[in-house]
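# Observations on the model geometry
Single-letter residue listing:
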Amino acid sequence: MSGAQPLSLSLSVRNIHIMGSQTSAILQNINLLLHKIITVLLLTCTLESNTNDLLPSSNHYSSSVSLSLMQLPFDGHLSFHNLHFAAQDFGGLFSSLPLAVLYPRSVSDISLAVSHVFQLGPSSDLKVAARGHGHSLQGQAQAPGGLVISMESLQKPKMRVFTGKTPFVEVPGGELWINILHETLKYGLAPSSWTDYLHLTVGGTLSNGGISGQAFRHGPQINNVYQLEVVTGKGEVFTCSEKQNSDLFHGVLGGLGQFGIITSARISLEPAAKKVKWIRVLYHDFSSFSKDQEQLISLEGAFDYIEGFVMVNRTGLLNNWRSSFNPKDPVQASRFNSEGKTLYCLELAKYFDPDVDEPVDGEIERLLGNLGYISSTLFMSEVSLLEFLDRVHVSELKLRESGLWEVPHPWLNLLVPKSEIDDFAREVFGNILTGNSNGPILIYPVNKSKWNRQTSLVTPREDIFYLVAFLSSAMPFSTEKDGLEQILARNQNIMDYCKAKLPGTNQYLPQYNKQEDWEAHYGSRWEVFMRRKLKYDPLAILSPGQRIFRNKIQVT
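Attention here is on the structure that accompanies the text. Just so we're clear, the structure is a prediction, and the values are computed from it rather than from any experiment.

## Let's talk about the pattern of salt bridges
Scanning the entire structure with this criterion turns up 19 salt bridges. In this structure, the salt-bridge partner of glutamate 183 is lysine 186, at a minimum N-O distance of 3.1 Å. A salt bridge links lysine 274 to aspartate 355; its shortest N-O distance comes to 3.1 Å. Separated by 81 residues along the polypeptide, lysine 274 in the loop between strand E11 (270–271) and strand E12 (275–283) and aspartate 355 in the loop between strand E15 (342–352) and helix H11 (361–368) bring together distant segments of the chain. Taking the relative accessible area as the measure of exposure, lysine 274 reaches 46% and is therefore partly exposed. Since its relative accessible area comes to 60%, aspartate 355 is described here as exposed. In this structure, a network of salt bridges that share partners links the residues Arg160, Glu170 and Arg266.

What follows is the structure, given as structure tokens:
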């Protein structure tokens, strides 16, 4: 009996604790219900008194729409306050406040919200934009006076790695690629295709394309997806793949958010390398540079990553490389003068596992021996796969430290066919670009044979084309060449030249304001694009920031 008394006391205390927890939970629910009732009453008062203390608009109709949204039973929460972050993006060129921001905790939250807006009908003019990490360039993830869905709040399904013969990782649409890399490396696996910057969401890059130096071998990120879960512009939830709802699957990939919101994805994986040989060399002339790039992407099993840069009047270029690379010939490298010159940098990477693979130095030396670079400019480094893939984040931290990250980024991204690249380089790098671009200029070729041509992404018709990206940062208040107006004018000059002389060139991450320009962009594929829009988002609710469709889609 003496031993039973403490057990009885323990059970009593435990029961009291459980009852206390239940009481606490009930009180919390009551408080939440009271809070909603009070908020609705306040909003009703707002309608009657015509004030705008609670809502971004005092318009009666806007208030009634807000009330209807508030009454939806979300698992997450809806906010009409602190909306300024949803009116900003990395581009820094557009800013439009939404009516509200939804922080979803489930896919049903997103479906419920979109379905509700769809049921309101075209007269509501309420639009919905899915916002990832806010890295869009021209307000593409904004919804002026509409509903922004913060996709990073969506944590379901929880990230899971599936190993086996065809490994993949299942992730929510708001997951960052850097988190995917960290998680998959625990299993000795990693995705094969990347973007240069990994702090982007899965849904964001898959809605655009996702291109980097691995694309010549594996295609863009949209080529490396097994399955998607999508919420359409009607609020319907579909699982889609190459074999199931394939029209929606192909439409959403590279579809600029026009046909659905990606809520989850299954991304293919491959065995992850442990180490990377990271190489840079310079060229004096574009012809030799592009010829070597094209030769390298045609070789099987040579390099795993191939990119290039244009360097205009970069003082002390090779000395700057020494912080991350080692020169093969330090003496000759120290004598190299880059000032006042236009140079072309070839950047390469070779993945390997030192515990399994044969030494790669000999193979790299053999491959480099066939190239026409400036011999004194060979720099090399050995890093982990994580360090290599997340290399841009190092630059981000430095720019944030100096206050130069959150400045306008008037970027221009182009896809130039091989037959037009020499003319492009001659005019743009020789005449239009007369000074430092105030940011990297990427240029490298890819093989179209590695790309799925059924997706919505528009590419040149030729088998080989180049990504050319002007990644400029505009200095606030500057009236010099690094000022916003000057960079935008330069971009327009480049676009005008391409439109007049290079008809095969397309925009990547396209930016147009008129529907006729969008029609020209899609060309013969515009009819398919329109058909999909009519089928999956007939009221043109989704992604208004792309400025493709302003109103309900009309059948013609």
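## So, helix H15 (residues 484–501)
Residues lying three or four places apart along an α-helix face the same way, a consequence of the helix completing one turn every 3.6 residues. Counted at 1.5 Å a residue, the expected span for H15 with its 18 residues is 26 Å, and the 26 Å between its end C-alpha atoms agrees. By the burial criterion, the buried members of H15 are Ile487, Arg490, Asn491, Ile494, Met495, Tyr497 and Cys498. The arc that holds every buried residue of H15, seen down its axis, measures 160 degrees, which confines them to one face. Residues of H15 that are exposed and angled more than 90 degrees away from the buried face: Glu485, Lys499 and Ala500. On its buried face, H15 is in contact with strand E17 (412–417), helix H14 (418–432), strand E19 (464–470) and strand E20 (506–507).

## Here's the deal with the sheet that holds strand E10 (residues 260–268)
Here we have five strands laid out as an open sheet, ordered E5-E6-E10-E8-E9, and antiparallel in their pairing. What marks the edges here is a single partner per strand, and that holds for strand E5 (160–162) and strand E9 (237–241). Each adjacent strand pair in this sheet contributes to an overall mean axis angle of 20 degrees, direction not counted. Taken together, the three bridges between E5 and strand E6 (residues 168–172) define a ladder with antiparallel strand orientation. Bridging from a neighbouring strand, valine 161 pairs with valine 169 of E6. Strands E5, E6 and E10 of the sheet are contacted by helix H4 (residues 177–185), whose axis makes an angle of about 140 degrees with E6.

## A word on the packing of helix H8 (residues 286–297) against H14
Contact geometry of H8 with H14 gives a least axis separation of 11 Å together with a crossing angle of 145 degrees. For the pair H8 and H14, the sense of crossing is right-handed. From H8, Phe286, Ser290 and Glu294 reach across to H14, where they touch Lys418, Ile421, Asp422, Ala425 and Phe429. Here the residues of the contact of H8 with H14 sort into four nonpolar, one polar and three charged.

## Focus on the sheet that holds strand E2 (residues 100–103)
Ordered in space as E1-E2-E4-E3, the four strands form an open sheet in which the pairing is mixed. With one partner strand each, in any of the chains shown, strand E1 (77–79) and strand E3 (128–131) form the two edges of the open sheet. Neighbouring strand axes in the sheet, compared pairwise and without regard to direction, differ in orientation by 25 degrees on average. Across three bridges, E1 lies against E2 in antiparallel orientation. Note on E2: the bridge partner recorded for leucine 78 is leucine 102.

## What about the side chain of glutamate 307?
Residue placement: glutamate 307 occurs in strand E13 (residues 305–312). Arginine 391 provides the closest opposite charge to the buried, salt-bridge-free glutamate 307, at an N-O distance of 4.3 Å. Polar side-chain contacts of glutamate 307 include one of 3.2 Å to the side chain of serine 212. A distance of 2.9 Å separates the side chain of glutamate 307 from the backbone nitrogen of glycine 213, its partner in a polar contact.

Criteria and cut-off values
- Residues numbered from 1 in each chain as written.
- Predicted model: local features only at pLDDT ≥ 70, side-chain atom pairs only at ≥ 80, totals over all residues.
- Heavy atoms only, no water.
- Salt bridge = Lys/Arg side-chain N within 4 Å of Asp/Glu carboxyl O.
- Helix = DSSP H or I, 4+ residues; strand = E, 2+ residues; numbered from the N terminus.
- Buried < 20%, exposed > 50% of the residue type's maximum accessible area, 1.4 Å probe, protein only.
- Expected span 1.5 Å × (residues − 1).
- Arc of directions from axis to C-beta.
- Contact = heavy atoms within 4.5 Å.
- Pairing = 2+ DSSP bridges.
- Axes fitted to C-alpha atoms, helices over the stretch in contact; angles between N-to-C directions.
- Left-handed = near helix turned anticlockwise from the far one by under 90°.
- Nonpolar A, V, L, I, M, F, W, Y, C, P; charged D, E, K, R; others polar.
- Lys, Arg positive; Asp, Glu negative; His and termini not counted.
- Polar contact = N/O pair within 3.5 Å; in protein donor to acceptor, adjacent residues only side chain to side chain.

Without other data, these values stay purely geometric and don't point to any function.
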